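The chain contents come next:
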Amino acid sequence: MSSPQRTVLIDTDTASDDAVALIMALRSPQIHVAAITVVAGNVPVEQATRNALVTVELCGADVPVYTGAAKPLQRELEPATWFHGMDGLGDCGYAPTHRISEPTHAVDAIIATALRHPGLELITLGPLTNIAQAIQREPRIVDNISRCVVMGGAPCCEGNVTPAAEFNIWVDPEAARIVMLSGLPIELVGWQLSRYDAVLNEHDIDQVLAIGTPLAEFVIRCNGRAREAYFEQTGEHGISLPDPIAMALLLEPALAVEASDHYVEIETVSPLTRGMTVVDRLDVTADSRNATVWKTAHAQNKAKVIWKLDVPGWKRLLMTTLAASK
Ligand code: RIB
Ligand code: CA
């Protein structure tokens, strides 16, 4: 008897790295993707929805796509088109041919899916606006979600949008704080895990292209602008893939070779540190002598912060997934 399939919901602001994460999920035999919900982030939500539909179509998958929040809870949307291209997929002209999104709003879809699937695994690849609204509207979903893998944050390190903050958290810090303090079982996959040796280097890129399928070619081509932008941003060469790394950690938790549980707070007031993921790595909160140092209505539970990734394992999973799509 095959093991019961794991049911997953993916919330995404679908741009070029999100698309690769969607491919990994849609091609995985380990999980059943119940829904893809879309949020404004990298690009406006209508464009992100089109990008999700393109990706589902490329995979030949039959998964519903729902459009969600068009802007953060309290702020205006500040997209990342400079990084991913105006259309989010490297401005290569990709467009869905026949698939359309569902009429139901993404927040309603998140609630319905969580209530229908106790034990649901949730992964977020964009700003947390949809998730925050779903929790506020139906708090019961928290108890039904067995894992919440969040691609976001810069735990005890530099951000990619400001020195303090990573994009997904920075775009909607109020939503991120609601989610972080909600009691959801958060696994925090920070941007730093997608840097340095985790980046697809020239050899990795050649290995993907050598697979020779339209899907493999799409992975590299839609990330062409992101590759240039990543060099402009960091001076590092290659394709950085934060969302696929978060997806790899959802699919294979053992790829997290170093992780620990900590209270995590989100800065929502200071313009200087807006969106900062403040991680109590030394657990000072637990020390009554420090009670005055870090007063916060911190989470009902701690988040699992991933500090170290099995990089060869991550790349092996990506290559295996793409090769299997032959
Ligand atoms: O900071 C990286 C994150 O922001 C990724 O999810 C990328 O797609 C953008 O949404
Ligand atoms: Ca994303």
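Residues numbered from 1 in each chain as written. Chains lettered and ligands numbered in written order. Predicted model: local features only at pLDDT ≥ 70, side-chain atom pairs only at ≥ 80, totals over all residues. Heavy atoms only, no water.

Chemist: When you look at the coordination of the calcium ion (ligand 2) in this model, what are you seeing that I'm missing?
Modeler: Donor atoms from the polypeptide that coordinate the calcium ion (ligand 2) comprise Asp13 (OD), Asp18 (OD), Asp18 (OD), Leu125 (O) and Asp243 (OD), at 2.2 to 2.7 Å from the metal. Written as a sequence motif, the donor residues of the calcium ion (ligand 2) are D-x4-D-x106-L-x117-D. The same class applies to Asp13 as to Asp18, namely buried. (Donors = N, O, S within 2.8 Å, 3.2 Å for Na, K, Ca; no water. Buried < 20%, exposed > 50% of the residue type's maximum accessible area, 1.4 Å probe, protein only.)

Chemist: Mind showing me how you'd approach the site of ligand 1 here?
Modeler: Near ligand 1, the surroundings consist of Asp13, Asp17, Asp18, Asn42, Leu125, Met151, Asn160, Glu166, Phe167, Asn168, Pro242 and Asp243. The separation between an oxygen atom of ligand 1 and a polar side-chain atom of Asp17 is 2.6 Å. Protein burial of ligand 1: of its 280 Å² of free accessible surface, 96% is covered by the chains. Put simply, the parts of the chain that give the shell around ligand 1 at least two residues each are helix H1 (16-26), helix H7 (167-171) and helix H12 (242-251). (Near = heavy atom within 4 Å. Polar contact = N/O pair within 3.5 Å; in protein donor to acceptor, adjacent residues only side chain to side chain. Areas by Shrake-Rupley, 256 points an atom, 1.4 Å probe, with all protein chains shown as cover. Helix = DSSP H or I, 4+ residues; strand = E, 2+ residues; numbered from the N terminus.)

Chemist: For this particular structure, what's the right way to read the sheet that holds strand S5 (residues 145-151)?
Modeler: Across a sheet, strands are paired by hydrogen bonds formed along the backbone, either parallel or antiparallel in direction. Strand order in the open sheet formed by 8 strands is S3-S2-S1-S4-S5-S6-S10-S7, with mixed pairing between adjacent strands. Two strands close off the open sheet at either side, each with one partner strand: strand S3 (65-67) and strand S7 (256-262). Strand-to-strand, the axes of this sheet are offset by a mean angle of 25°, without reference to chain direction. The sheet strands contacting helix H4 (residues 106-116) are strand S1 (6-12), strand S2 (31-38), S3, strand S4 (120-124) and S5, and the helix crosses S2 at an angle near 155°. (Pairing = 2+ DSSP bridges. Axes fitted to C-alpha atoms, helices over the stretch in contact; angles between N-to-C directions. Contact = heavy atoms within 4.5 Å.)

Chemist: Would you explain the nonpolar core in this entry?
Modeler: One broad rule of soluble globular proteins: the nonpolar side chains tend to lie buried together. Ranked by size, the top nonpolar core spans 74 residues in total, and within it Ile10, Leu26, Ile36, Ile123, Met247, Leu309 and Trp314 carry the most contacts. Of all the elements, H1 adds the most residues to this core, at 8 residues. Those residues within four positions of Trp314 in sequence are excluded, and the remaining contacts are Met24, Ala198, Leu200, Leu241, Pro244, Ile245, Ala248, Leu255 and Leu309. By size, the runner-up hydrophobic cluster in this structure holds 35 residues, among which are Ala132, Ala134, Ile141 and Cys148. (Core = buried A, V, L, I, M, F, W, Y, C linked by side-chain atoms within 4.5 Å.)

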